[in-house]
Amino acid sequence: MEPRASLYILALLLGLYQALPLTEPQHVDIISRIITINNGQTSCWLLSFYINILFEGDIHLPRTRNALVCPSNKCFWQKSSTGVVQVPYVVSNDFSSSDLNVITSAMASFHSKTCIRFVRRTVEPDYISIQNLNGCYSATGKTGGSQVISLSTSGCVYHGIVEHELNHALGFYHEHTRSDRDKYVRINWENIDPSMQYNFNKANTNNLNTPYDYTSVMHYGRTAFSVNGQYTITPIPDASVVIGQREELSTIDVKRIKILYNC
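Just so it is clear, the structure is predicted and the values come from calculations on it, not from any experiment. (Residues numbered from 1 in each chain as written. Predicted model: local features only at pLDDT ≥ 70, side-chain atom pairs only at ≥ 80, totals over all residues. Heavy atoms only, no water.)

Caption draft 1: Layout of the sheet that holds strand β3 (residues 127-131). Read from one edge of the open sheet, five strands run β2-β1-β3-β5-β4, paired in mixed fashion. The sheet terminates laterally at β2 (116-120) and β4 (136-138), the two strands that pair on one side only. Each adjacent strand pair in this sheet contributes to an overall mean axis angle of 30°, direction not counted. With five bridges connecting them, β3 and strand β5 (residues 146-151) associate as parallel partners. Bridge pairing in β5 places S129 opposite V148. Across the sheet, helix α3 (residues 97-113) is in contact with β1 (85-91), β2, β3 and β5; its angle to β2 comes to roughly 145°. (Pairing = 2+ DSSP bridges. Helix = DSSP H or I, 4+ residues; strand = E, 2+ residues; numbered from the N terminus. Axes fitted to C-alpha atoms, helices over the stretch in contact; angles between N-to-C directions. Contact = heavy atoms within 4.5 Å.)

Right under this line is the structure:
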C-alpha cells in the first residue's frame, strides 16, 4: 500500500474514533474503574493529600455530611421560575473536542430525562468546575462557590463515569451506603482491607421512598476495595443479581432526581 494511502486511512480511522462517544470497557463497572484510576494516580497527588481526601473512592467531601439529608436545602441546586434546575458549569481548556463531546453527551442524558439543565456559567457565584486533575471525583450536592469535578483525561472521560460524578454533584451518594442496605446486600468485611472499611459504612440517607436499586449508576461493583479479589458486596437473597453497571442512569436514578428536585 502506498504511504500516502496508509496515512489517509489512518486519518479516517482517527477521525472516526474521535467522533464516537466513549463508553466504559464492558467488563469493568464504573466504581471499579474509578477506584483503579484514582489509586493509580495516588503518587501524583500525595502532596495535596489533605486537600483531596476521597471517600468511597470518588467523593470529595467530609464524611460528617450526607447530601441527601439537607434540612435547609442549601446543598441542592435551586429550581428557576421556568421550572428547570440550572446547574452552571465551566470546563477546563485541557479537554479535547472528543472529551467535550463525551461530557456534553452525559449532560444531555440528564436534560432529556429530568428537569436538570447543565448550563454554561456566566456570573453565577455557585457552579461546577470540570477539570482534568488527578483522578475521577466530585463533591456531593452543592457546596457553594466553585466546586470541582475532576475527570482525568487518563481514564475518567467516559459517558457512565461522567454521569456518575455529575450525579454526585446533584446530591447522591453511592447506593450501597443506603440506611436500609443490609436488607439487600451483604458486606463481606473479611474481604476488605481494614483501612478501607469506612467506605462501606451506612449513611443516614433520605431514600426518597424509592426501592433499593442494584442497577443504579451509583452502585459499587462486587469487588470494590477487595483486598484479595473476592467479593466485598453480595446481593441478598439472590447472590446472582447483577450489580455495578457502567452504561447509563437507571430508571430509578432518574426517578430519584425527579423526586429530589421536584421535576
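Caption draft 2: Representation of the packing of α3 against helix α4 (residues 159-170). Running from N to C, α3 and α4 point in directions that differ by 55°, and their axes come no closer than 9 Å. As the angle between them shows, α3 and α4 are arranged oblique. As α3 packs across α4, the resulting crossing turns out to be right-handed. Where α3 abuts α4, its residues V102, I103, S105, A106, M107, S109 and F110 lie against H159, V162, E163, L166, N167 and L170. Grouping the constituent residues of the contact of α3 with α4 by class yields eight nonpolar, four polar and one charged. (Parallel < 35°, antiparallel > 145°, perpendicular 65-115°, else oblique. Left-handed = near helix turned anticlockwise from the far one by under 90°. Nonpolar A, V, L, I, M, F, W, Y, C, P; charged D, E, K, R; others polar.)

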